[in-house]
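In case you want the letters, here they are:
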Amino acid sequence: MLALQGDVREHIHALEQAGARARRIRRPDELDSIDGLILPGGESTTMGRLAAVFGLLTPLRERIAAGLPAYGTCAGMIMLADRLADGAPGQQTIGGIDMTVRRNAFGRQVASFEGTVEMTGVDGGPVEAVFIRAPWVESTGPGVQVLGRISRGDTAGRIVAVRQGRLLATSFHPELTGDTRVHRLFVDMVKG
């Protein structure tokens with residue numbers, strides 16, 4: 001669990017409910033002791049800056065490129081994107097998923113909303129989803145599997161969940177809903 005900023009506590013609770021043990025990661029040497037990593041929601045420019053300050057940006061890129069499973073929610077999705085449609089000047093990501101992401105795509109804080117998303121690979125019906133200043137995926141490369149899209153309204157069809165190999169990303173926050181199925185999917189990816 002990357003613990004530089006964001007909703008760390010909520011993810012730890014969801015991981016424990018999904019049967020995993022979670023550790024807070026703040027230093028490069030701690031990366032050697034983990035089997036998977038969650039990049040939480042928060043603020044992507046702040047996360048990128050803190051990762052650079054703490055010397056984590058390059059080690060994170062190297063570990064993810066070497067196959068470390070990772071799951072990014074909201075800002076974490078932005079951090080796992082290879083490209084940003086509207087990044088802040090000098091904004092850096094870790095990368096790993098061949099996608100272009102638009103930050104704050106659903107609007108400002110007042111436009112935040114809850115809904116459900118039908119998600120491939122998650123049994124039991126639609127996933128409860130909380131969107132807070134959420135990104136969406138503008139485009140994906142050929143190796144990226146789209147797992148979920150918005151199904152109604154003005155944003156119908158927008159991509160909000162993807163997977164590429166051992167990397168998973170959602171633009172929403174399942175950790176805020178009590179629905180641990182997406183975290184269970186990630187735990188299974190780590191075990192696999």
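As a reminder, the structure under discussion sits directly above these lines.
Residues numbered from 1 in each chain as written. Predicted model: local features only at pLDDT ≥ 70, side-chain atom pairs only at ≥ 80, totals over all residues. Heavy atoms only, no water.

(A) Here's a closer look at the overall build of the protein. Counting secondary structure elements, the protein contains five helices and ten strands. Relative to the globule expectation of 16 Å for 192 residues, the C-alpha radius of gyration of the protein, 15 Å, shows essentially globular dimensions. Taken along its principal axes, the extent of the C-alpha atoms in the protein is 45 × 40 × 35 Å. Within the protein, contacts between residues at least 6 apart in sequence are counted, and of these 64% link residues at least 24 apart. (Helix = DSSP H or I, 4+ residues; strand = E, 2+ residues; numbered from the N terminus. Rg over C-alpha atoms; globule rule 2.2 N^0.38 Å. Contact = heavy atoms within 4.5 Å.)

(B) Examining the environment of His11 more closely. Position of His11 among the secondary structure elements: in helix α1 (residues 8–17). Other than its neighbours up to four places away in sequence, His11 contacts Met1, Ile38, Pro40, Gly41, Thr73, Glu175 and His183. A distance of 3.1 Å separates polar atoms of two side chains, one belonging to His11 and the other to Thr73. (Polar contact = N/O pair within 3.5 Å; in protein donor to acceptor, adjacent residues only side chain to side chain.)

(C) Quick look at helix α3 (residues 57–65). Regarding α3, the residues found buried are Leu57, Pro59, Leu60 and Ile64. The buried side chains of α3 occupy one side of the element, clustering within an arc of 165 degrees when seen end-on. Summarising the geometry of α3, the exposed residues directed more than 90 degrees from the buried face are Glu62 and Ala65. On its buried face, α3 is in contact with β1 (37–39), α2 (44–53), β2 (70–73), α4 (75–80) and β10 (167–170). Two residues or fewer after α3 comes Gly67, characterised by a positive phi angle close to 115 degrees. (Buried < 20%, exposed > 50% of the residue type's maximum accessible area, 1.4 Å probe, protein only. Arc of directions from axis to C-beta.)

(D) A look at unusual backbone geometry. With a phi angle near 55 degrees, Cys74 is a residue other than glycine that sits in the positive phi range. Relative to the helices and strands, Cys74 is located in the loop between β2 and α4. The class of Cys74 is buried, set by a relative accessible area of 4%. The phi dihedral of Arg133 falls on the positive side, at around 45 degrees, and the residue is not glycine. Note on placement: Arg133 falls in the loop between β6 (127–131) and β7 (136–140). Residue classification places Arg133 among the partly exposed positions, given a relative accessible area of 32%.

(E) Highlighting the pattern of salt bridges. Following the criterion strictly, the structure yields six salt bridges and no others. Between Glu138 and Arg102 there is a salt bridge, with the nearest N and O atoms lying 2.9 Å from each other. Of this pair, Glu138 sits in strand β7 while Arg102 is found in strand β4 (residues 97–102), placing the two residues 36 residues apart along the sequence. For Glu138, a relative accessible area of 32% gives the class partly exposed. Overall, the relative accessible area of 29% leaves Arg102 in the partly exposed class. The partner of Arg181 in a salt bridge is Asp179, and the shortest N-O contact between them spans 2.6 Å. One network of salt bridges, with partners in common, ties together Arg27, Asp29 and Glu30. (Salt bridge = Lys/Arg side-chain N within 4 Å of Asp/Glu carboxyl O.)

So, to be careful, I would describe these as geometric facts and stop short of saying anything about function.
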